[in-house]
Structure formats: C-alpha cells, structure tokens
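What the coordinates show
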Amino acid sequence: MQLSGNAAMLAPGFAMQGDGVLEPIKYEISNALLPGGGMLGSAAGLVEYLQALHGGKLLSARSYQQMITPGIKRGHRWEDLYYGYGVQISEQSIAEYSHSGYLPGYQSLSLSYPESQTYLVVMENVSWPLDDMDRVFGLHDKLRNTLREQLISSHIAEKINP
C-alpha cells in the first residue's frame, strides 16, 4: 500500500518503509492501547445500546431525564453545545444527543435522534493529527450535516402535512 504524508500516524501496527510503503509490523495489543479501559464493541452493538438507552430500557425515566437535561454550555466546532450526563446536547431545530471520542489511531461518533428513532455510529481505527481539526472530524461533520438536513426536512414536512 503506497501512502504519503502523515500516513505513519494513521494506526498503530504499521511502519513506513524507506520506499514509502506502509507495512504491517508484529504488534501486540495491550490494555493500555484499548479505549474505554479495554472495552471492545461494534457499530451495530452501539446502535442497539443507543436504541435501548433512548427507548427507556436502561434507565429510569427520572435518570434518563437527568441525562438529557442541558447542563454546562461549551464551545464546539458544530455550535455551542450543552453537556448533560455523558452526552452532548443540541436542541437546534431537532433534539440531538451525541458523543465522540478520539485517541491516536481511533476515533468515534454517535448521534441519536430519539424522536425519529434515528441513530448513527461511526467507529474508525484511524485518526489524523489534531493540528487539522477539519481533516480529523471532516467526515463526521459531513455525515452529521447530511443526516440533520434530512431529519429537519422530514420534521418540517410532517408538521405541514400531518
């Protein structure tokens, strides 16, 4: 596989050879390299979890309400977001609950729109250096924007034609 630039920083377990070819190296995964204290999962598994969480199957109604209640407001590349208990909260046009993660070599995004029972999970085993945030999170931002546009259009159409 021929790569250039910051390719050597994409994922652990590979080394850049002198000819610019990225080659797998013998690599042992230790708990120190695993996110979440060694927890592993899949995108499908996380979607099931989000459906259960926002579907009232994991928390009491009171605890869920506390989780999605806006608390601290903080700047974010999307817009100012609130933070509840473990979720980012955006209530612009539609209710959105999100969470993202970044470690060198791994990044993730989850978006939840419980009102329409719509969930998106992105899990990547690559990452870009944090000196270019548009490159690091560009795909996540494009997916979110496209999904929100579709959901907002559908939401408006439902209000007009119930």
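Residues numbered from 1 in each chain as written. Predicted model: local features only at pLDDT ≥ 70, side-chain atom pairs only at ≥ 80, totals over all residues. Heavy atoms only, no water.

**Structural notes on the nonpolar core**
Counting 9 residues, the largest nonpolar core consists of Trp78, Leu81, Ile94, Leu109, Leu111, Tyr113, Val122, Leu147 and Leu151. The set of elements that each furnish at least two residues to this core consists of strand S7 (106-113) and helix H3 (133-160). A total of 3 residues in this core trace back to one element, the largest contributor, which is S7. When near neighbours in sequence (up to four residues on either side) are disregarded, Leu151 contacts Ile94, Tyr113, Ser116 and Thr118. Tyr64, Ile68, Val87 and Ala95 belong to the second-largest nonpolar core, a separate cluster that totals 8 residues. (Core = buried A, V, L, I, M, F, W, Y, C linked by side-chain atoms within 4.5 Å. Buried < 20%, exposed > 50% of the residue type's maximum accessible area, 1.4 Å probe, protein only. Helix = DSSP H or I, 4+ residues; strand = E, 2+ residues; numbered from the N terminus. Contact = heavy atoms within 4.5 Å.)

**Here's the deal with the environment of Tyr119**
Inspection of the secondary structure puts Tyr119 in strand S8 (residues 118-124). Linking Tyr119 and Glu96, residues 23 residues apart in sequence, is a C-alpha distance of 9.8 Å.

**Comments concerning the pattern of salt bridges**
Tallying each qualifying case throughout the model produces 4 salt bridges. For the salt bridge of Glu79 with Arg144, the shortest nitrogen-to-oxygen distance reads 3.5 Å. With Glu79 in the loop between strand S3 (72-74) and strand S4 (81-83) and Arg144 in helix H3, this pair connects stretches of sequence that are 65 residues apart. Among the residues examined, Glu79 registers a relative accessible area of 15% and is labelled buried. When its relative accessible area of 3% is taken as the criterion, Arg144 is described as buried. Where Arg144 meets Glu96, a salt bridge forms, and the shortest distance between an N and an O atom there is 2.9 Å. Remark: Glu96 occurs in strand S6 (residues 96-103) and Arg144 occurs in helix H3; sequence separation between them is 48 residues. For Glu96, a relative accessible area of 0% puts it in the buried group. Each of Glu79, Glu96, Arg144 and Arg148 takes part in a single network of salt bridges with overlapping partners. (Salt bridge = Lys/Arg side-chain N within 4 Å of Asp/Glu carboxyl O.)

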